[in-house]
Amino acid sequence: MMDIIGDLINFHLIPGIVLGSIYALGAIGLTLTFGILRFANFAHGEIMTLGAYFAWTLVQLTGWHPVAVMPIAMGLTVLVALGIDRGFYKPFRASPTIMLVIASFGMMLMVRSLVQLIWGVQIKTIMPGIQMPLVLFDWLRISPKHIIIVTSAVALMFAVHYLLTYTKIGKAMRAMSDSPELARLTGINTEAVIRATWIIGAALAAAAGALLALDTHIQTMMGFKLLLPVFAATILGGIGRPYGAVVGGLVIGLAEELSSYAWIGDTPLLNPGYKAGVAFAIMVAMLIWRPSGLFRGKVY
Amino acid sequence: MEQAYGNFLYIVTLLTAGGIYAILALGLNIQWGFTGLFNAGIAGFYAIGAYVSAILTTAPSVRHLGGYEMPYAVSFAAAMIVAGILAWGVGKICLRLRSDYLAIATIGIAEIFRLILKNETWATNGPRGVSQVPKPFESLPEPWNALAFLAMVLITVAVIYILLETARKSPWGRVMTAIRENEPAARAAGKNVARFRMEGFVVGCMLMALAGAFTAHNLKFIGPNVSDPLTATFLVWVMLVVGGSANNKGAILGAFLMWTVWSATELLTSRLPDDWAIRTAYIRIFLIGLVLQIVLQKFPRGILPEQRLTSPAKAPGATGKTVD
């Protein structure tokens with residue numbers, strides 16, 4: 001009996017939580033840009049890829065643990081994101097937001113091709129070697145890297161919570177997400193809010209990329225593969241709702257991993273090749289049933 | 001002489017692919033140019049068309065579904081119908097929401113379809129794809145088979161162009177523009193916005209599937225790479241935006257122009273040493289992305305801007321002013 005539960009927990013539940021916290025970090029940034037700048041940022045996945053590659057390079061240069069270099073990788077990614085905004089998104093501030101969607105769509109390919117040009121397309125690992133999992137009660141196995149990933153993600157989520165709740169810029173961000181016109185009328189510096197949004201979004205995206213790299217490996221398509229589940233988490237949680245994004249990310253991550261568990265009989269419930277389809281199915285269901293998401297986000 | 005003949009065949013191949021891209025760009029033009037719908041999953045509908053037509057026409061094979069050996073007319077129609085039904089389903093869910101949702105859902109559909117192509121090996125032969133797809137006119141002697149296929153593609157482009165121009169100038173086309181420019185006003189005028197949007201989306205996707213079917217027969221092989229978002233979705237967007245969205249001539253011009261640039265640069269980079277050839281391939285993608293950004297920012301109306309239909313009385317001086 002313990003074996004069966006152990007199997008469920010070790011191979012599906014824990015990986016689901018790990019993946020879910022990575023999705024959550026990506027979705028917080030996406031939901032903030034969607035809520036404040038009012039466009040679906042297709043380049044968000046590539047920002048995650050960039051964060052992972054910065055982290056990899058820093059680990060090669062310093063030999064430190066990936067989590068130790070993560071703040072530097074986040075900082076570098078933020079600089080790139082601010083540069084992209086200045087050069088490619090800012091000219092469209094007064095245009096219909098669909099222009100930003102096209103611009104971000106183009107940016108997706110530009111960033112990816114640059115990553116491929118600089119780092120090549122071979123799969124890389126950020127932490128070579130296999131770590132032995134910790135064994136508890138004979139049946140529970142937790143890999144140390146999973147503990148590190150979830151702890152880092154939770155710490156970052158608390159930091160965002162503090163920022164949005166107690167700081168002036170965080171309050172301004174929430175105000176602008178709720179009503180841009182009212183925010184402008186009350187004298188909020190919208191450009192400063194937009195800058196803060198890119199800083200938080202890119203930093204969390206970079207962290208998500210680096211943590212995913214720590215969990216598995218690095219490849220140039222990783223961001224594109226993350227895009228769909230992260231969008232699904234954003235819509236599930238409700239657009240412009242960072243707490244919704246956290247819940248959405250966890251639900252999507254758990255649903256993806258639990259879908260391949262043998263719930264009935266001995267074969268996986270869903271062919272693992274279709275894992276990526278789970279996020280899409282949940283997203284479509286939400287769009288039909290409740291487009292505002294679980295946390296009553298915005299619907300455009 | 002041999003060199004000249006080789007060049008001639010190269011140009012025929014170039015024009016054939018360019019014509020297929022023109023069909024894709026015209027399909028996207030209905031959706032984005034006329035209706036204002038953002039389809040980020042062109043690749044999905046393109047791939048559906050390619051696979052449906054390939055499976056319906058190939059000889060029996062143990063490796064994939066097939067052996068129906070249908071005539072081309074049937075397989076082309078089937079490709080368009082299947083894509084149309086799928087587009088209807090996507091539209092039903094997403095068209096009531098803003099364009100961003102349609103963009104996300106279409107990119108999702110394209111990815112799901114890629115998963116199906118890779119995983120359902122009994123039907124699609126998985127990553128190895130469907131080979132020995134028959135090609136129309138292939139029994140003709142050498143240059144004539146390629147020329148006949150090219151003629152078929154170009155005539156299709158011309159027919160679609162004429163149909164779309166007629167539609168654009170008809171009341172239907174004017175309603176489409178009205179919805180794109182000012183949806184509440186169109187609604188207030190009693191137009192069924194949802195139905196018009198759905199029509200634009202479905203027709204566009206059906207054209208994309210037709211382009212996919214042509215590609216499958218043109219290459220005589222089809223694999224999951226056909227749904228590569230780079231060449232099947234992104235390049236089409238660049239073509240339409242550069243050529244001029246909401247202008248059918250612009251869509252066709254953009255398709256041939258960007259396809260020529262894309263192929264010519266590939267020809268150049270493939271002659272470089274191996275290491276550099278791989279690197280320059282990425283530079284090429286980066287530059288195409290940059291072209292899109294520059295056109296979007298500096299020349300948002302493209303090479304051939306939209307021609308607005310104005311009432312005859314006001315025609316002089318009233319044309320050429322567009323709302324970007």
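Please refer to the structure higher up on the page.
Residues numbered from 1 in each chain as written. Chains lettered and ligands numbered in written order. Predicted model: local features only at pLDDT ≥ 70, side-chain atom pairs only at ≥ 80, totals over all residues. Heavy atoms only, no water.

**Student:** When you look at the overall build of chain B in this model, what are you seeing that I'm missing?
**Tutor:** Secondary structure assignment for chain B yields 13 helices and 0 strands. When the helices and strands of chain B are placed in sequence order, the string is α-α-α-α-α-α-α-α-α-α-α-α-α. Taking 2.2 N^0.38 as the reference for a compact globule, 324 residues should give roughly 20 Å; the C-alpha atoms of chain B span a radius of gyration of 20 Å, in line with that estimate. When its C-alpha atoms are laid out on the principal axes, chain B stretches across 60 × 40 × 40 Å. Looking at chain B as a whole, 54% of its 324 residues are labelled buried. Of all intrachain contacts in chain B linking residues separated by at least 6 positions in sequence, the fraction that spans at least 24 positions is 77%. Of the roughly 14,300 Å² of accessible surface on chain B, 67% is carried by carbon and sulfur atoms. The averaged location of the 17 negative side-chain charges in chain B is 10 Å from the averaged location of its 26 positive side-chain charges. (Helix = DSSP H or I, 4+ residues; strand = E, 2+ residues; numbered from the N terminus. Rg over C-alpha atoms; globule rule 2.2 N^0.38 Å. Buried < 20%, exposed > 50% of the residue type's maximum accessible area, 1.4 Å probe, protein only. Contact = heavy atoms within 4.5 Å. Areas by Shrake-Rupley, 256 points an atom, 1.4 Å probe, with all protein chains shown as cover. Lys, Arg positive; Asp, Glu negative; His and termini not counted. Charge placed at Lys NZ, Arg CZ, Asp CG, Glu CD.)

**Student:** Explanation requested: the side chain of A:Thr33 in the structure shown.
**Tutor:** With respect to the helices and strands, the residue A:Thr33 is situated in helix 1 (residues 2–36). For A:Thr33, a relative accessible area of 1% corresponds to the buried category.

**Student:** How should empty space enclosed by the protein be read in this particular structure?
**Tutor:** A probe as big as a water molecule, rolled over the atoms, marks out the empty space that is left. Using the criterion set out here, one finds 4 cavities of 30 Å³ or more in the structure. In terms of lining, the largest cavity is formed by A:Phe224, B:Ala40, B:Gly41, B:Ala43, B:Ile107, B:Ala110, B:Glu111, B:Ser227, B:Pro229 and B:Thr233. Among the elements of the structure, helix 4 (99–119) and helix 10 (229–243) of chain B are those that each provide at least two residues to the lining of the largest cavity. With 3 residues, the top contributor of residues to the lining of the largest cavity is helix 4 of chain B. In terms of residue class, the lining of the largest cavity is made up of 6 nonpolar, 3 polar and 1 charged. Of the volumes computed, that of the second largest cavity is approximately 40 Å³. Forming the boundary of the second largest cavity are A:Asn41, A:Ala43, A:Ile47, A:Ala81, A:Ile84, A:Asp85, A:Tyr89, A:Met107 and A:Trp198. Looking at the lining of the second largest cavity element by element, the count peaks at 4 residues for helix 3 (residues 66–89) of chain A. Its residues assigned to classes, the lining of the second largest cavity comprises 7 nonpolar, 1 polar and 1 charged. (1 Å grid on protein atoms, 1.4 Å probe; cavity = no way out; pocket = protein on both sides within 12 Å on 5 of 7 lines; lining within 4 Å. Points joined across faces, edges and corners; volume = space filled by probe spheres on them. Nonpolar A, V, L, I, M, F, W, Y, C, P; charged D, E, K, R; others polar.)

**Student:** I keep staring at the environment of B:Ile107 and nothing clicks. Help me out?
**Tutor:** Turning to its location among the elements, B:Ile107 is positioned in helix 4. The exposure class assigned to B:Ile107 is buried, which follows from its relative accessible area of 8%. Measuring from C-alpha to C-alpha, the distance between B:Ile107 and B:Gly18 comes to 24 Å, with 89 residues separating the pair along the chain. The residues contacting B:Ile107, other than those within four sequence positions of it, are A:Phe42, A:Phe105, A:Phe224, A:Leu228, B:Ala40 and B:Gly41.

**Student:** Just checking my understanding: could you explain the pattern of salt bridges for this structure?
**Tutor:** Oppositely charged side chains can form a pair if their charged atoms are brought close together. Summed over all chains, the structure comprises 13 salt bridges over all chains. A salt bridge links A:Arg93 to A:Asp85, with the nearest nitrogen and oxygen atoms 2.9 Å apart. Among the residues examined, A:Arg93 registers a relative accessible area of 29% and is labelled partly exposed. A residue is classified by how much of its surface remains accessible, and A:Asp85, at 7% relative accessible area, is buried. A salt bridge links B:Lys169 to B:Glu165, with the nearest nitrogen and oxygen atoms 3.7 Å apart. Linking B:Lys169 with B:Glu165, this pair stays in helix 6 (residues 142–169), spanning 4 residues, or about one helical turn. The exposure class of B:Lys169 is partly exposed, given its relative accessible area of 47%. (Salt bridge = Lys/Arg side-chain N within 4 Å of Asp/Glu carboxyl O.)

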